[in-house]
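Below are the chains, spelled out letter by letter.
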Amino acid sequence: MAEELQTTQYLTFTLAEEVFAVDVDRVREILEITNITKVPQVPDFMRGVINLRGCVVPVLDLRLKFGMAETAQTVNTCIIVVEVEMDGEKIVLGALADSVQEVIEMESSQIEAAPHIGTHLKTDFLKGMGKHDNRFVMILDIDKVFSGSELSAVSGQES
Amino acid sequence: MSDQHKEVFREEAYEHLADLENSLLELEENPEDMELIGRVFRSMHTIKGSGSMFGFDTLAAFTHEVETVLDFVRNGKLPVSKKLISLCLAARDCIKSILDGDDHDPDVAASKKLVADFRALAGTETKAKTGLEIASSQVAKKEEPEVTYRIRFKPFLEIFQNGTNPVALLNELRELGKCDIVSQMDNLPPLEGLNPESCYLFWDVILTTRRGRDAIMDVFIFVEDDCELKIDVIDDSDSEGDANYKKLGDILVERGDLSAEELNNVLKSQKRFGELLVEKGIVTPEKVQSALVEQQHVKGVRKERSEAPPPQEAAASIRVPAERLDQLINLVGEMVTVQARLSQVSLLGGDPIFIAISEEVERLTNELRNTALNIRMLPIGSTFSKFKRLVRDLSQELGKEIEMETFGAETELDKTVIEKLNDPLVHIIRNSIDHGIEMPDARRAAGKSSLGKVLLGAEHSGDSVLITIQDDGGGLDRDTIRVKAIERGLLPAHTEATDREIYSMIFAPGFSTAAKVTSVSGRGVGMDVVKRGIDGLRGSISVDSVRGKGTTITLKIPLTLAIIDSLLVKIGKDHFVLPLSTVEECIELTREDVKNFHGRNLANVRGAIIPYIPLRDCFRITDNQPEIEQIVIADIHGKKVGFVVDHVVGEHQTVIKSLGKMYRDVQGVSGATILGDGTVALILDMGALLKVAELLEVSQAA
């Protein structure tokens, strides 16, 4: 993965105390947790929809998608509204996070490829692992996490 | 040449082409109508002229050839024939493809052939013409009488800027007949103030010609907007030919050079002729009076006859980019939502003044909503006339004789709905023509007229539009369809299916009973596309057919896409919304009733048995179930079904928000809406819920 030296900004957030990061220019806004209206007959990780200033936005539970236990609501829980590319279109989605941390900058030299095993996550989901403040941050490839094929695939193997 | 101008030219040219097509089709029915011939010619002429102005030279050159032939038609030298119309329609298509290709002719061979065909037609017909008696000509163009016009041509100052040379226009006028031109230099400023690039002169022209007013208008056709043009008939063959024309004073007043006041003042100072006569005792005052009356009367009549043309119709419409309309509709939608919240809050507050104001706002918002949605409504007539061409071409191709009738062309539909309806309608009509209507001999053998009929109609019905496509062809073959459906596993083999159900099999993907595939149809694709298109519009299709007599397909499309009236209900702590159009009534469901039917989901409504779907179970809502629930009874495709909810809250104006791609496959939910308090309520698709319930029962029973 030889790239020119690029500095990118990432928003870090936690899911079950693990730190994840997502490209800042995909993040539209961060909301406090609000009423989520359930939609029937969809996979568990699709928690429902919310009203975002007049627009209906779907909200997903990343913990369930990544095979962790369901997100318990605390005072820190929030919804990160992101813009995702799906089948060539730009779609706005919300993702539940246990807490939101900060915006950090990382150069491409600080990012390594994600290992094939050990993360308990599909390697597709990760763009890489970054080193920041002596911690490792898992950088998500937000398009892959929310890709349409993924959704239907998971619904097939609902456990 | 700026692209923006090019775009405007192109848009207008497309409109002219659409107009041209309609006029040509009408002309085919009425080959003698001079008005139509004029329209056709003018469309062609305008396209040519503006084409060459905007650098579309290939277009202009091609159109010129066609225009030459049309000119012959206009002058009666060439009659209107089916071949001519076909050539003109082909020419129109050619012009369209040149336009699409940005002035590149995609098929030079074809257009060359067309030009040759046109020339051949013009050549032979005019030759044949000169041999015939002109008196009994088909194109009844009587010799235009000689008419004298007074033309005041007053160009605007900037006319030189577009390269117009008024002298050239005047010379063209001279070619039309006997012409006297006087230039007027009233507006000429002194030399110091003279701008050589501005036009200060104007001209009075008296022209006697047989060519008619049209010919004069044609001379000025490109400068219509850059000048003041007044054309008056001052003498025609009908007026009593007295060599004495109008008085000097009158002429000056008519031209506007002298005001009526001034004329009167000057005249008053001289004794009137009539008065002089009476003074001299030659004629009695009464005779003078009656002569004056006659003079006034005929003057009046003549004046009316020579009245100026009716004023140009003020722009009754303006072009608006469609996205601006979409923005407007979005804003209106948000307004409706916020207004609902306002109403809610005002009712909670209880302040009468506040409530009154909020009701006023509600009324205005409703009007705004209706007006905004109406802006996008267009009459479906334009779509219908497009199909006339399709029917004509297809029937010719297949060798059948078919005519198309329409009714309800003024019925208005939302613009996007019309666009989305286009493809499905095309498929249905093609089917009617290809499979439905038989060949002329077969029809005659069956005792029908050899001319097949396709009837297209539209009418409002409640909050939907019903579109009917009816043909008097052979009808659907019920048994063949049934067999094919069973073959493909779509119908269980031994059940009794109603005609409607059997006919609805034709919408299954890939379904076709055609023995062979033609260029028009047979692959089994068309009807599937139709079904999906109509579903996408939240509409429904029904098919009715009588073997040997014909088939009728009815499309039912809801009028509005964005905002619908619905019923707000509550199940557990979630709110849902049911479209009101299908809801008939709400009744109570007590535990007693449930017990009476021993666990089957049936209810007794005034003696009738109505099945119901317990939505709680569908949506797996586990909150406390109230003792008394409500059944909302709806009519879905003719079947009465109930949907059980906890509470019926009331009517709600629902602004439909799409759930997005992620929820596309969810059955039973067609969208969402935002309630007055900001929460999201799901819009239920009752038809889909019914289907799911039916499938569930079938699988459970099996």
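Residues numbered from 1 in each chain as written. Chains lettered and ligands numbered in written order. Predicted model: local features only at pLDDT ≥ 70, side-chain atom pairs only at ≥ 80, totals over all residues.

(A) Geometry of the overall build of chain B. Scanning chain B from N- to C-terminus turns up 22 helices and 21 strands. Going through the 702 residues of chain B one by one, you find that 26% of them count as buried. Nonlocal contacts in chain B, meaning residues at least 24 apart in sequence, comprise 68% of its contacts between residues at least 6 apart. (Helix = DSSP H or I, 4+ residues; strand = E, 2+ residues; numbered from the N terminus. Buried ≥ 20, exposed ≤ 12 C-beta atoms within 10 Å, placed from the backbone. Contact = placed C-beta atoms within 7 Å.)

(B) The arrangement of the overall build of chain A in detail. The helix and strand tally for chain A stands at 3 helices and 11 strands. The long-range share in chain A, meaning contacts at least 24 apart out of those at least 6 apart in sequence, stands at 53%.

(C) Molecular detail of the interface of chain B and chain A. With 21 residues of chain B in contact, the opposing surface of chain A contributes 19 residues. Contributing elements (two or more residues each) for the side of chain B that touches chain A: helix 12 (322-349), strand 20 (669-674) and strand 21 (680-684) of chain B. Here the side of chain B that touches chain A gets 3 residues from one element, more than from any other, and that element is strand 20 of chain B.

(D) Local environment of unusual backbone geometry. In this structure, aspartate 133 of chain A takes a positive phi of about 55° despite not being glycine. Summarising the element assignment, aspartate 133 of chain A is placed in the loop between strand 10 (126-132) and strand 11 (135-140). Taking the C-beta count within 10 Å as the criterion, aspartate 133 of chain A has 8 such neighbours and is therefore assigned exposed. Of note, arginine 606 of chain B is a non-glycine position whose phi angle comes to about 45°, a positive value.

(E) The arrangement of the sheet that holds strand 6 (residues 402-407) of chain B in detail. Residues and elements named next belong to chain B. Strand order in this open sheet of 5 strands is 6-8-9-11-10, and the pairing throughout is mixed. Two strands lie at the open edges of the sheet, namely strand 6 and strand 10 (540-546), each paired on one side alone. Looking at each pair of strands side by side, their axes are set apart by 15° on average, direction ignored. With 6 bridges joining them, strand 6 and strand 8 (residues 452-461) adopt parallel strand pairing. Across the sheet, the residue bridging to glutamate 403 is lysine 453, located in strand 8. On top of the sheet, helix 14 (residues 381-398) reaches strand 6 and strand 8; it is set at about 165° to strand 6, its chief contact. Seen against the sheet, helix 15 (residues 415-436) touches strand 6, strand 8, strand 9 (464-471) and strand 11 (550-558) and runs at an angle of roughly 20° to strand 9. (Pairing = 2+ DSSP bridges. Axes fitted to C-alpha atoms, helices over the stretch in contact; angles between N-to-C directions.)

(F) Layout of the environment of glycine 212 of chain B. Mapping glycine 212 of chain B onto the fold places it in helix 7 (residues 212-219). Spatially, the C-alpha atom of glycine 212 of chain B lies 8.2 Å from that of glutamate 146 of chain B, the residues being 66 residues apart in sequence.

(G) Highlighting the environment of phenylalanine 41 of chain B. Residues and elements named next belong to chain B. For phenylalanine 41, the location among the structural elements is in helix 2 (residues 34-53). The spatial distance from the C-alpha of phenylalanine 41 to the C-alpha of valine 73 is 9.0 Å, given a sequence separation of 32 residues. Those residues in contact with phenylalanine 41 that sit more than four places away from it in its chain are Leu70, Asp71 and Arg74.

(H) Focus on the sheet that holds strand 15 (residues 602-605) of chain B. Residues and elements named next belong to chain B. Taking strand neighbours across the sheet as the criterion, the 5 strands line up as 14-17-18-16-15 in an open arrangement whose pairing is mixed. In this open sheet, the two edge strands, each paired with only one partner strand, are strand 14 (583-589) and strand 15. Looking at each pair of strands side by side, their axes are set apart by 35° on average, direction ignored. Taken together, the 7 bridges between strand 17 (residues 629-636) and strand 18 (residues 639-645) define a ladder with antiparallel strand orientation. By the bridge assignment, isoleucine 631 is partnered in strand 18 with valine 644. Helix-sheet contacts for helix 22 (residues 686-701) involve strand 16 (608-614), strand 17 and strand 18, and the interaxial angle to strand 17 is about 100°.

(I) Looking closely at the packing of helix 12 of chain B against helix 13 (residues 352-375) of chain B. Residues and elements named next belong to chain B. Helix 13 packs onto helix 12 with a crossing angle of 160° between their chain directions and a minimal axis gap of 9 Å. Of the possible angle classes, the one that applies to helix 12 and helix 13 is roughly antiparallel. In this structure, the crossing between helix 12 and helix 13 has a hand that is left-handed. Across the interface between the two elements, Leu325, Leu328, Ile329, Val332, Met335, Val336, Gln339, Leu342, Ser343, Ser346, Leu347 and Gly349 from helix 12 touch Phe354, Ile355, Ser358, Val361, Glu362, Thr365, Leu368, Arg369, Ala372 and Ile375 from helix 13. In the contact of helix 12 with helix 13, the residues fall into 14 nonpolar, 6 polar and 2 charged. (Parallel < 35°, antiparallel > 145°, perpendicular 65-115°, else oblique. Left-handed = near helix turned anticlockwise from the far one by under 90°. Nonpolar A, V, L, I, M, F, W, Y, C, P; charged D, E, K, R; others polar.)

(J) Examining the pairing of strand 10 of chain A more closely. Residues and elements named next belong to chain A. Two elements, strand 9 (residues 111-112) and strand 10, share 2 bridges in a ladder whose sense is antiparallel. Bridging from a neighbouring strand, isoleucine 111 pairs with glycine 130 of strand 10. Here strand 10 folds back onto strand 11, and the loop between the two strands holds 2 residues, one of which, aspartate 133, carries a positive phi near 55°.

(K) Here's a closer look at helix 12 of chain B. Residues and elements named next belong to chain B. In a regular helix each residue adds 1.5 Å, so 28 residues correspond to 40 Å; helix 12 covers 41 Å between its end C-alpha atoms and thus fits that length. Listing the buried residues of helix 12 in full gives Ile329, Val332, Gly333, Val336, Thr337, Gln339, Ala340 and Ser346. For helix 12, the elements touching its buried residues are helix 13, strand 12 (563-571), strand 19 (647-655) and strand 20. Of the residues one or two after helix 12, glycine 350 is the one with positive phi, at around 85°. (Expected span 1.5 Å × (residues − 1).)

(L) Just the environment of methionine 335 of chain B, in detail. Residue and element names in this part refer to chain B. Assignment of secondary structure puts methionine 335 in helix 12. Methionine 335 sits 33 residues away from leucine 368 along the chain, and the two C-alpha atoms are 9.4 Å apart. What methionine 335 contacts, discounting residues up to four positions off in sequence, is Thr365 and Leu368.

(M) A look at the packing of helix 3 (residues 57-74) of chain B against helix 4 (residues 82-100) of chain B. All names here are of chain B. Closest axis-to-axis distance for the helix 3/helix 4 pair is 10 Å, and the angle between their directions is 170°. Judged by the angle between their axes, helix 3 and helix 4 are roughly antiparallel. Between helix 3, through Thr58, Leu59, Phe62, Thr63 and Val66, and helix 4, the contact on the second element is made entirely by Cys88, Ala91, Cys94, Ile95, Ile98 and Leu99. Here the contact of helix 3 with helix 4 is composed, by residue class, of 9 nonpolar, 2 polar and no charged.

(N) Structural detail: the confidence of the model for chain A. Residues and elements named next belong to chain A. This prediction gives chain A a mean pLDDT of 79; 85% of its residues lie at or above 70. When pLDDT is averaged over each helix and strand of chain A, the minimum, 44, is found for helix 3 (residues 148-156) and the maximum, 91, for strand 3 (residues 27-32). Per-residue pLDDT stays below 50 along residues 152-159; that stretch engages in 4 contacts with residues further than four places along the chain or on separate chains. (pLDDT = per-residue confidence, 0-100.)

(O) Fine view of the confidence of the model for chain B. Averaged over all residues, the pLDDT of chain B equals 79, while 88% of them reach at least 70. Here residues 125-142 of chain B is a poorly scored stretch, pLDDT under 50, and it has 15 contacts once near neighbours within four places are set aside; other chains count.

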